[in-house]
Amino acid sequence: MKKYFYLISILFLGLTFAACSDSDDDGDEQQAEKEAAMQAITNQYVNNVIFPIYKELATESNNLFDKLVDAKAKLRATTLTQTDINSICETFLKARSAWERSEAFLYGAATDWGIDPHIDTWPLDLTALAKALSNSEIIEDLDDLDDGGIDNVRANVGESQLGFHGIEFILFRDGKERQLAKLQGVEDNANFAGRNITGEQELIFAAAVAGDLRDKCYQLEVSWLGDAAPKSHVDRVEKCEFNTTVGGGALYYGENMIKATQAGSTYSTWRGVMSTILVAGCSNICAEVSGQKIGQAYLGTDVNYIESPYSKKSYFDFFDNITSVEYTLNGQMSKNANGNSIMAYLQRYNNTLAGKLQTKLNAALSALETAKAGTPFVDDYHSTNAKNAMDAINELDDVINEASSWIAAN
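Residues numbered from 1 in each chain as written. Predicted model: local features only at pLDDT ≥ 70, side-chain atom pairs only at ≥ 80, totals over all residues. Heavy atoms only, no water.

Caption draft 1: Geometry of the overall build of the protein chain. Looking only at helices and strands, the protein chain has 17 helices and 2 strands in total. Look at the contacts in the protein chain between residues 6 or more apart in sequence, and 76% of them connect residues 24 or more apart. Total accessible area computed for the protein chain in this model is approximately 17700 Å², and 49% of it derives from carbon and sulfur atoms. Within the protein chain, the 58 negative side-chain charges are centred at a point lying 3 Å from the centre of the 34 positive side-chain charges. (Helix = DSSP H or I, 4+ residues; strand = E, 2+ residues; numbered from the N terminus. Contact = heavy atoms within 4.5 Å. Areas by Shrake-Rupley, 256 points an atom, 1.4 Å probe, with all protein chains shown as cover. Lys, Arg positive; Asp, Glu negative; His and termini not counted. Charge placed at Lys NZ, Arg CZ, Asp CG, Glu CD.)

Caption draft 2: Spotlight on unusual backbone geometry. Cis geometry is adopted by the peptide bond preceding Pro123, which originates at Trp122 and carries an omega value of 0°. By the element assignment, Pro123 lies in the loop between helix 4 (115–119) and helix 5 (126–133). A positive phi angle, near 55°, is found at Asp174, a position not held by glycine. Along the chain, the position of Asp174 falls in the loop between strand 1 (172–173) and strand 2 (176–177).

Caption draft 3: Structural view of the packing of helix 2 (residues 82–100) against helix 8 (residues 163–171). Close contact between helix 2 and helix 8 brings their axes to 11 Å; oriented N to C, the two are set at 155°. As the angle between them shows, helix 2 and helix 8 are arranged roughly antiparallel. Crossing angle aside, the handedness with which helix 2 passes helix 8 is left-handed. In contact with Ile88, Cys89, Phe92, Ala95, Arg96 and Trp99 of helix 2, helix 8 contributes Phe164, His165, Ile167, Glu168 and Leu171. Split by residue class, the contact of helix 2 with helix 8 holds 8 nonpolar, 1 polar and 2 charged. (Axes fitted to C-alpha atoms, helices over the stretch in contact; angles between N-to-C directions. Parallel < 35°, antiparallel > 145°, perpendicular 65-115°, else oblique. Left-handed = near helix turned anticlockwise from the far one by under 90°. Nonpolar A, V, L, I, M, F, W, Y, C, P; charged D, E, K, R; others polar.)

Caption draft 4: Fine view of helix 14 (residues 314–330). Between its first and last C-alpha atoms helix 14 spans 24 Å; for 17 residues at 1.5 Å apiece the expected length is 24 Å, and the two agree. Burial of helix 14 is extensive: 16 of the 17 residues sit out of reach of the surface. The positive-phi residue at the C-terminal boundary of helix 14 is Gly331, with phi of around 70°. (Expected span 1.5 Å × (residues − 1). Buried < 20%, exposed > 50% of the residue type's maximum accessible area, 1.4 Å probe, protein only.)

Caption draft 5: Representation of the environment of Tyr349 in the model. Relative to the assigned elements, Tyr349 resides in helix 15 (residues 342–349). By relative accessible area, Tyr349 is classed as buried at 17%. Once the C-alpha coordinates of Tyr349 and Asn410 are considered, the two residues, 61 residues apart in sequence, prove to be 9.3 Å apart. In this structure, Tyr349 is in contact with Gln30, Glu33, Lys34 and Trp406, ignoring residues within four places of it in sequence.

Caption draft 6: Summary view of the pattern of salt bridges. Counting across every chain of the model gives 34 salt bridges. In this structure, Glu307 and Lys293 form a salt bridge, with 3.3 Å as the shortest nitrogen-oxygen distance. Of this pair, Glu307 sits in the loop between helix 13 (270–298) and helix 14 while Lys293 sits in helix 13, and the two are 14 residues apart along the sequence. On the accessibility criterion, Glu307 (1% relative accessible area) is buried. Note on Lys293: relative accessible area 1%, which makes it buried. Because the salt bridges share partners, they merge into one network encompassing Arg96, Glu100, Glu103, Asp120, Lys293, Glu307 and Asp317. (Salt bridge = Lys/Arg side-chain N within 4 Å of Asp/Glu carboxyl O.)

Caption draft 7: Molecular detail of the packing of aromatic side chains. Counting across every chain of the model gives 14 aromatic pairs. Ring geometry for Trp122 and Tyr305: centres 5.2 Å apart, planes at 45°, overall tilted. Placement of the pair is Trp122 in the loop between helix 4 and helix 5 and Tyr305 in the loop between helix 13 and helix 14, with a sequence separation of 183 residues. Of the two residues, Trp122 and Tyr305, both sit in the buried class. For the pair Tyr315 and Phe318, a centre-to-centre distance of 5.9 Å together with 90° between the ring planes defines the contact as edge-to-face. With Tyr315 and Phe318 both in helix 14, this residue pair falls 3 residues apart, about one helical turn. One exposure class covers both Tyr315 and Phe318, and it is buried. Geometry around Phe242 places Lys216 over its ring, the cationic atom sitting 4.1 Å from the centre. (Phe/Tyr/Trp six-rings, centres within 6.5 Å; stacked < 30°, edge-to-face > 60°. Lys NZ or Arg CZ within 6 Å of the ring centre and 35° of its normal.)

Caption draft 8: Highlighting the packing of helix 15 against helix 16 (residues 351–373). Between helix 15 and helix 16, whose axes approach to 5 Å, the crossing angle comes to 140°. Taken together, the axis directions place helix 15 and helix 16 in an arrangement best described as oblique. Counting all contacts with helix 15, which are made through Met343, Leu346, Gln347 and Tyr349, the residues of helix 16 involved are Asn351, Leu353, Ala354, Leu357 and Gln358. Split into classes, the residues belonging to the contact of helix 15 with helix 16 amount to 6 nonpolar, 3 polar and no charged.

Caption draft 9: Geometry of the nonpolar core. Counting 128 residues, the largest nonpolar core has Leu68 and Ile294 as the members making the most contacts within it. The biggest single contributor to this core is helix 1 (residues 2–76), with 16 residues. Residues in contact with Leu68, not counting those within four places in the same chain, are Ile88, Ile167, Leu171, Leu203, Ala206, Ala207 and Ala210. (Core = buried A, V, L, I, M, F, W, Y, C linked by side-chain atoms within 4.5 Å.)

Caption draft 10: Representation of the state of the cysteines within the structure. Under the counting rule described, the total for this entry stands at 0 disulfides. Take Cys282: it sits in no disulfide, and the sulfur closest to it among the cysteines is that of Cys286, at 6.8 Å. Classification of Cys282 by relative accessible area gives buried; the value is 0%. (Disulfide = S-S within 2.5 Å.)

Caption draft 11: The confidence of the model for the protein chain, seen in detail. In this model, the protein chain carries a mean pLDDT of 93, and residues with pLDDT of at least 70 account for 93%. With pLDDT under 50 throughout, residues 1–20 is counted as low confidence; its partners more than four residues away or in other chains account for 0 contacts. (pLDDT = per-residue confidence, 0-100.)

Caption draft 12: Representation of the environment of Tyr381 within the structure. Along the chain, Tyr381 falls in the loop between helix 16 and helix 17 (384–409). With residues up to four places along the chain from it excluded, the contact list for Tyr381 reads Ala297, Tyr298, Val303, Ile306 and Ala386.

What follows is the structure, encoded as C-alpha cells:
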C-alpha cells in the first residue's frame, strides 16, 4: 500500500512539474510576444505620428517665414493687401496647430534643447516688446535677414517676445486677422503709447522672429528624423550649429527610441519606452493643459496666463494638445487605432482598461469641442466649459497613468 502511494505521489509530482513547466513556457512566450508588440508599437508611433507632425511643422513654419518676408516688402511697396494678411494668418494657424499636435511628445529634443520655451512662452511681455520695437538699432539689425537678422533676434530679443506669440500679436487682434489699415499706421496698443511704432517695424520684427521659429522647427525635425529630413533643412540646422543628437552622441531621437534595448540607446527596455510615451508624453501634456493652461486662469492663480489671447484660439490649442494624445495612443494621425498601437495593445491584453481609456479620451475631446464652439477662453476663463474640459482632461490623465502602470507590471 505504501509503495503504491509512493508511485502515485511521484506520478502526481511529475504531472505538476510538467504543468508548471508548460505554464512557465506560456508565460515566457507571452512576454516575448508583448516585447515584440511594444517594438512594433514604437516603430509605428515614431514613423507615423512624430515624423509626419514634425515634417508638417517644419513646412508650415517655413511658409510662414516666407510670407512674412514677402509682406514686409509689399508693405514698403504699398502693395500689401488684406488678402495677403489673411493668408499669412491662415498659415500661422496651420503651423500653430502642428506645434500643438506635437505636445504629447515634448520629451526629447523639444525639452533637451529648450525649444519649447523658446518658441512657445506666454504671456507675451508687451512692455518689453514695445521697448525692443522702439529701438532703432535693434530694428535695423533684424531687418537684414541675409546678414544675421535672424541671429540678431535670438541675441537681442527675449523669449517672452519670441516664437508663436510674438508673431500672433502682430497678426491678430481681438480674435480676427489684423486689418491692413492698422499695419499702414501706428501701433495703438496701450503698451506702445508714445512710442510711434509703425506697422513696418512690426513686420520687420515678425519676419525675423518667424525666421527664428522656422530654424527651431527645423531643429526639431532634424533631431528626430536625422538625415531623412530635407537636406536644405539639415544644412540650415548645421549652419545654425544647433544640437540634434541625444546627449550629443551618435543617435538622433527617432533612432534612439526605435533602437531601444540596443547598444547606444538610452532606453534599456521596451516597457521603458512605453512609460516615456505615456507618462513623459501624454500624461505630461494632459497635466499641463488642465493644471496650467486652463487651471491657472480658471482657478485665479494667474488670470493673465492665457495662451493665444490675440487670435482667441486657446481652446483650439488645447484641443490639438489632446488630439496629440489621441494620435499617440492610436499610433497614427487618426481617430482609429492602428493594429500596432498602445490602444490596440490594451484592447488585446486588458480590454476593460482599453475601453476605460477610450471613454475618457472621447470625453476630453468632446468637452473641448463644446468649449471651442462657445465663448473664447480669454473672454470667459471661469466658465462651465473651462471647468468641464479641465475635469475631463484630469480624468483622462488618471487613466493614462493607470495604463502605464499596468503595462509596466504585466
